[in-house]
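# Overview (structure and organization)
Spelled out, the chains give:
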Amino acid sequence: MFSKNKNIPSLDLEQHDVLEHAQKRIRQKKRLYSHFVIFLIGSVFLVLINKILKYGADYDWFIWAITFWAFLFVIHAFNVLVTHKFMGTDWERRQRERLVAKQKKRIAEIQKEIETDFPLSNINKKEGANSNDSAQDAL
């Protein structure tokens, strides 16, 4: 009951990533639905302000405001529902793996270039010769 060794279920890294991704998607969709509700309520208020309160009654400006807002909502929905499918976690993982492979290849090329320009055998010979010269100078 009071032991330190409690059986705590641990999630492996993959399960943690899946849960984190699910929570992120839930937040994205929740924001999209909230945006839609606010858009509907805001549109009604814009119409009421223009038609009932007679603010700018000579021109139906609310049409332009609602159209612009609808355009922003469509962009938001596109980003959440469509773009995420194409550029989701699998796409991110492939991009990350591709970039890491490219970096490893470049590092290998640089190492090969360094080894050809400055061979290790020449450096060791020079160091050995320098240490012999300093030993002879000490005598």
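Structure shown above.
The structure presented is a predicted model; accordingly, all values stated were derived computationally and were not measured.

Turning our eyes to something else, we now look at the overall build of the protein chain. Check the secondary structure of the protein chain and you find 4 helices and 0 strands. Taken over 139 residues, the protein chain has a buried fraction of 12%. Contacts spanning at least 24 positions in sequence make up 56% of the contacts within the protein chain whose residues lie at least 6 apart. Summing over all exposed atoms, the protein chain offers an accessible surface of approximately 12500 Å²; the carbon and sulfur share of this is 63%.

So, on to the side chain of N50. Along the chain, N50 falls in helix α1 (residues 13-51). Owing to a relative accessible area of 2%, N50 belongs among the buried residues under this scheme. Setting aside anything within four residues of it in sequence, one finds N50 in contact with Y55, G56, A57, Y59, D60, W61 and F62.

Another aspect to go through is the layout of surface pockets. Put simply, the largest pocket is a space of about 350 Å³. Forming the walls of the largest pocket are E14, D17, V18, E20, H21, K24, T89, E92, R93 and R96. Put simply, the parts of the chain that give the lining of the largest pocket at least two residues each are α1 and α3 (89-117). When the residues that make up the lining of the largest pocket are grouped by side-chain class, the tally is 1 nonpolar, 2 polar and 7 charged.

The rules behind the values
Residues numbered from 1 in each chain as written. Predicted model: local features only at pLDDT ≥ 70, side-chain atom pairs only at ≥ 80, totals over all residues. Heavy atoms only, no water. Helix = DSSP H or I, 4+ residues; strand = E, 2+ residues; numbered from the N terminus. Buried < 20%, exposed > 50% of the residue type's maximum accessible area, 1.4 Å probe, protein only. Contact = heavy atoms within 4.5 Å. Areas by Shrake-Rupley, 256 points an atom, 1.4 Å probe, with all protein chains shown as cover. 1 Å grid on protein atoms, 1.4 Å probe; cavity = no way out; pocket = protein on both sides within 12 Å on 5 of 7 lines; lining within 4 Å. Points joined across faces, edges and corners; volume = space filled by probe spheres on them. Nonpolar A, V, L, I, M, F, W, Y, C, P; charged D, E, K, R; others polar.

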